[in-house]
Each structure stands twice: as structure tokens, then as C-alpha cells.
Amino acid sequence: MHTIDTPLQAVDPRELRNALGRFATGVCVVTTVGADGRAAGLTVNSFSSVSLDPPLVAWCLGRKAPSLAAFSAAEFFAVHVLAADQQHVDEHFA
């Protein structure tokens with residue numbers, strides 16, 4: 001598990017709460033850059049809010065996932081919440 005002690009940008013707790021509160025369930029794409037500089041990503045349906053202070057989210061990655069090494073070595077990752085018309089993005093990373 002990776003944590004960030006000093007975030008690149010301050011996260012407004014109210015904005016984070018509003019955004020996560022509107023995300024009842026759905027599909028996200030999580031991406032990162034591996035130690036080799038290559039982009040890696042996967043579709044997840046396990047995304048959820050854990051804490052607002054500090055700002056923490058959770059998502060699950062299987063031990064046999066092809067992108068496990070990239071995410072294990074990565075310092076950061078990005079969560080992309082998809083709109084209904086972005087199913088093609090979900091399918092690309094699935």
C-alpha cells in the first residue's frame with residue numbers, strides 16, 4: 001500500500017466529499033506509469049471512498065493481474081470515473 005505524505009495539490013475536503021458522495025457505484029479505470037516508464041491501467045468496479053481526512057480511496061487489484069508489477073512499483077495512480085457514453089474506454093482496459 002502506498003500513501004502520499006505531501007500531496008502534489010491540496011485536496012479540498014468539501015469537493016472530495018461531494019464528488020465521492022455522488023459516485024454510488026460504477027466502473028472506473030485506474031492508470032499509472034510503471035518503473036519501466038510504460039503506461040498501465042485496468043478497469044475496476046471496486047472503487048470506494050475510505051477517508052476524507054486524510055483523503056484515501058480504495059480499489060482492488062488481483063495478485064495475478066498483468067499490471068500488478070507496474071502498480072506495485074508506482075508512486076502514484078489516477079482514477080478515471082467514466083460517463084455512460086465512455087463504455088469503449090472501459091472495454092479497452094478490461
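Just so you know, these numbers come straight off a predicted model, no measurement behind them. (Residues numbered from 1 in each chain as written. Predicted model: local features only at pLDDT ≥ 70, side-chain atom pairs only at ≥ 80, totals over all residues. Heavy atoms only, no water.)

Here the focus is the sheet that holds strand 5 (residues 78-81). Here three strands make up an open sheet; going across it, the order is 2-1-5 and the pairing antiparallel. This sheet does not close on itself; its edge strands, each paired only once, are strand 2 (39-44) and strand 5. Here the average twist between neighbouring strands, direction ignored, is 25 degrees. Across six bridges, the pairing between strand 1 (residues 28-33) and strand 2 is antiparallel. For Val 29, the partnering residue across the bridge sits in strand 2 and is Thr 43. (Pairing = 2+ DSSP bridges. Helix = DSSP H or I, 4+ residues; strand = E, 2+ residues; numbered from the N terminus. Axes fitted to C-alpha atoms, helices over the stretch in contact; angles between N-to-C directions.)

This part takes up the packing of aromatic side chains. How two aromatic rings sit relative to each other is given by the distance of their centres and the angle of their planes. Within the structure shown, the criterion is met by two aromatic pairs. Ring centres of Trp 59 and Phe 71 lie 5.0 Å apart, and the angle between their planes is 70 degrees; on these two criteria the pair is classed as edge-to-face. Here the residue Trp 59 occupies a position in the loop between strand 4 (55-58) and helix 2 (68-73), and Phe 71 occupies one in helix 2, the gap between them amounting to twelve residues. Seen from their ring centres, Trp 59 and Phe 77 are 5.3 Å apart, and the 75 degrees between their planes marks the pair as edge-to-face. You can see Trp 59 sitting in the loop between strand 4 and helix 2 and its partner Phe 77 sitting in the loop between helix 2 and strand 5, a full 18 residues away along the chain. Trp 59 sits in the buried class, given a relative accessible area of 17%. What links up through ring pairs into an aromatic cluster is the set Trp 59, Phe 71 and Phe 77. (Phe/Tyr/Trp six-rings, centres within 6.5 Å; stacked < 30°, edge-to-face > 60°. Buried < 20%, exposed > 50% of the residue type's maximum accessible area, 1.4 Å probe, protein only.)

Glancing now at the side chain of Thr 31. For Thr 31, the location among the structural elements is in strand 1. At 2.7 Å, the side chain of Thr 31 and the side chain of His 80 are in polar contact. When sequence neighbours within four positions are dropped, the list of residues in contact with Thr 31 reads Ala 40, Gly 41, Phe 71, Phe 77, Ala 78, His 80 and Phe 93. (Polar contact = N/O pair within 3.5 Å; in protein donor to acceptor, adjacent residues only side chain to side chain. Contact = heavy atoms within 4.5 Å.)

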